[in-house]
Amino acid sequence: MKLYCKVVAVLLCLGSLLLLYLFVGSADEPPPLHGAGESGSLPLPVPSGPGGRAPPLLARFRPVPAAAQISQREQPRLSKHPAGKRGAARGKFANARRLGEQKHLKGLPSIQWMHLAVVACGDRLEETLIMLKSAVLFSYRKLRFHIFAEDSLKPEFEKKLQEWPPSYTHKFEYNVYPITFSVGNAQEWKKLFKPCAAQRLFLPVILKDVDSLLYVDTDVLFLRPIDDIWSFLKEFNSTQLAAMAPEHEIPKIGWYSRFARHPYYGTTGVNSGVMLMNLTRIRSAQFKNSMIPTGLMWEEMLYPLYQKYKNYITWGDQDLLNIIFYFNPECLYVFPCQWNYRPDHCMYGSNCKGAEEEGISILHGNRGVYHDDKQPTFKALYEVIRDFPFEDNLFQSLYYPLQSKFLDTVHTLCGRIPQVFLKQIEKTMKKVYENRVIVHVRANYRY
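The residue numbers shown here count from 1 along each chain, following its written sequence. Local features in this predicted model are restricted to residues whose pLDDT is 70 or higher, and side-chain atom pairs enter the listing and the counts only when it is 80 or higher, whereas totals over whole chains, interfaces and linings include all residues. Side-chain figures throughout are based on the complete set of non-hydrogen atoms in the structure, without hydrogens or water.

Colleague: So what's going on with the state of the cysteines? Which residues, and what values?
Modeller: Disulfides are covalent bonds that connect the sulfur atoms of two cysteines. Cysteine sulfur atoms that pair up within 2.5 Å are treated as a disulfide. In the structure shown here, the tally under the stated rule is 3 disulfides. With a sulfur-sulfur separation of 1.9 Å, Cys121 is cross-linked through a disulfide to Cys196. Taking the torsion about the sulfur-sulfur bond, which here is approximately -100 degrees, the covalent link between Cys121 and Cys196 counts as left-handed. Placement of the pair is Cys121 in the loop between strand E1 (114-120) and helix H4 (125-138) and Cys196 in the loop between helix H7 (186-190) and helix H8 (203-206), with a sequence separation of 75 residues. Here the two residues Cys121 and Cys196 agree in accessibility, since each one is buried. Working definition: helices are DSSP H or I runs of at least four residues, strands are E runs of at least two. Numbering for both runs from the N terminus. Burial classes follow relative accessibility: with a 1.4 Å probe on protein chains only, a residue under 20% of its type's maximum area counts as buried, one over 50% as exposed, and anything between as partly exposed.

Colleague: Could you give me a rundown of the sheet that holds strand E2 (residues 143-149), with the residues and numbers involved?
Modeller: Pairing within the open sheet is mixed, and its 7 strands lie in the order E3-E2-E1-E4-E7-E6-E8. Of all the strands in the sheet, the pair left with one neighbour each is strand E3 (172-177) and strand E8 (332-334). When the angles between neighbouring strand axes are averaged without regard to direction, this sheet yields 25 degrees. Of the pairings in the sheet, the one linking E2 to E3 comprises 6 bridges and is parallel in character. If you follow Arg144 over to E3, its bridge partner there is Glu173. Between two residues, a contact is recorded if the distance between any of their heavy atoms is within 4.5 Å. Axis definition: a line fit to C-alpha positions, over the contact stretch in the case of helices; interaxial angles, taken between N-to-C directions, run 0 to 180 degrees. Each of E1, E2, E3 and strand E4 (212-216) touches H4; the most contacted strand, E1, lies at about 165 degrees to it. Sitting on the sheet, helix H5 (residues 154-162) touches E1, E2 and E3, and the angle it makes with E3 is about 170 degrees. Here, any two strands with at least 2 DSSP bridges between them count as paired.

Colleague: Could you give me a rundown of the packing of aromatic side chains, with the residues and numbers involved?
Modeller: The pairing test for Phe, Tyr and Trp rings, Trp by its six-membered ring, is centres within 6.5 Å, and the orientation test on the planes gives stacked under 30 degrees, edge-to-face over 60, and tilted for anything in between. Inspection of every chain in the model, using the stated rule, returns 27 aromatic pairs. Taken together, a centroid distance of 5.6 Å and an interplanar angle of 75 degrees make the contact between Trp255 and Trp315 edge-to-face. Here Trp255 is found in helix H10 (residues 255-259), whereas its partner Trp315 is found in the loop between helix H12 (298-309) and helix H13 (317-327), with 60 residues between them in sequence. For the pair Phe406 and Phe421, a centre-to-centre distance of 5.8 Å together with 85 degrees between the ring planes defines the contact as edge-to-face. Here Phe406 is found in helix H16 (residues 394-406), whereas its partner Phe421 is found in helix H17 (residues 418-446), with 15 residues between them in sequence. One aromatic cluster in this structure is built from Phe145, Trp164, Tyr168, Phe172, Tyr174 and Phe390. Both a distance and an angle decide whether a charge sits over a ring: NZ of Lys or CZ of Arg must be within 6 Å of the ring centre and within 35 degrees of the ring normal. We note Lys133 situated over the ring of Phe390; from NZ or CZ to the ring centre the distance is 4.9 Å. Directly above the ring of Trp113 sits Arg144, whose terminal nitrogen or CZ lies 3.9 Å from the centroid.

Colleague: Got a sec to walk through the nonpolar core? Specific residues and values, please.
Modeller: As used in this record, nonpolar core signifies buried Ala, Val, Leu, Ile, Met, Phe, Trp, Tyr and Cys residues forming a set joined through side-chain atoms within 4.5 Å. Grouped together as the largest cluster of nonpolar side chains are 75 residues, with contacts concentrated most on Leu116, Leu214, Phe222, Phe335, Tyr341, Leu363 and Phe421. Setting aside residues up to four positions removed in sequence, Leu116 forms contacts with Met131, Leu132, Ala135, Arg144, Phe145, His146, Leu213, Leu214, Val216, Phe222 and Ile226. With 43 residues, the next largest nonpolar core counts Val119, Phe181, Met301 and Ile313 among its residues.

Colleague: Requested: an account of the pairing of E4, with residues and values cited.
Modeller: For E4, the tally of buried residues reaches 5 of 5 residues, placing the bulk of the element in the interior. Burial along E4 is two-sided: the face carrying Ser212, Leu214 and Val216 and the face carrying Leu213 and Tyr215 are both buried. Both E4 and strand E7 (residues 270-278) contribute to a ladder of 5 bridges, which runs antiparallel. The residue of E7 that forms the bridge with Leu213 is Met277.

Colleague: Summarise the side chain of Asn278; cite the residues concerned and give the values.
Modeller: Inspection of the secondary structure puts Asn278 in strand E7. Overall, the relative accessible area of 13% leaves Asn278 in the buried class. Contacts described as polar in this section are N or O atom pairs within 3.5 Å, which, within protein, must combine one atom able to donate a hydrogen with one able to accept it, while residues neighboring in sequence count only if both atoms come from side chains. Looking at Asn278, its side chain comes within polar contact range of the main-chain nitrogen of Arg281, at 3.0 Å. Non-local contacts of Asn278, meaning those with residues more than four positions away in its chain, are made with Asp211, Ser212 and Leu241.

This is the structure in structure tokens:
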């Protein structure tokens, strides 16, 4: 019995020594910290600082070294003047944040006006406003609209544009100009094709203070920022002064390649509904022509050219542009078809490879397809942008309604390829969202 008691006493002593050893050893090392990304880890308790107060903000998000690991030089700084420590941390936090904001602003493009021109006559008021709305919704840099319209439409444009919310009106300025033709018979020019369409031929002459310009028809919709098509100006070589997309991709079903009775550019001609221009180069160039052996300036060439070919042209000013660039092919930069996507690109089967790969960048609803039921996919895009409230969420009030409308168009030839219509606009809205929200949130959170 005595032996048994002695054994128990020895074991108790050994157990006490072992517990003491474990307790002392654990006090020398900090407990393991779990990162926020580890599955199953529990949230860390916020350690108390001197006086029971929480440590500075930055200290809460990094491991606190054990007392044994702090050098003698560091110990006084951590134990004294807690208020000063917090102030220093806040100062570093503010400096880092300011530095981050400066870096963010440094990466942004400098302010540069992008000039957009349109000609609106007759019943094209609403169509033009929806086109301008699509431009403002997605573009980053500021826009200057040059609107050429009949006198009766000027007050309507001013009234409607001033009704847009300030969050969008600060992104653009505009001028409304009367319809004018500097050479030839004004009434003849006005009736050349659609009302006032020939006005675009005179933009280099009228807008003498504008260096570069994007002209579009009223029935165009931007599905990505104008900044992107504007960047093509940098890709012009030394002789190029304008850019347009082909009229068709397949010569055997193209209009010019089958029916034209006048010269035209390339194998299928070009479509003038989206035309990017370096006006400075156009004003200074000498253009080869079929009228005289020497070159002619832009303005002095227009009316004689029209007089020579007026009995052969069908599409008015577009035909004249095709004739000009037939004789001056080195002056033209050709866009891929997704930058001027029309019903012809899908109603005979999908024949715009660029749109299949990247999606449509600019939609051109010619032949009135926004206002009839012949091409419901085009009409769906037009109506969704028209009905979108400026201040609403792009995905909830524009993209999702567009998807729903497209479900009703799958029985049509163009409706069978909804990804072509949706791919680019989805990318665009994601970028707009990131630029408006996520970039700023990350910048604030990071510092």
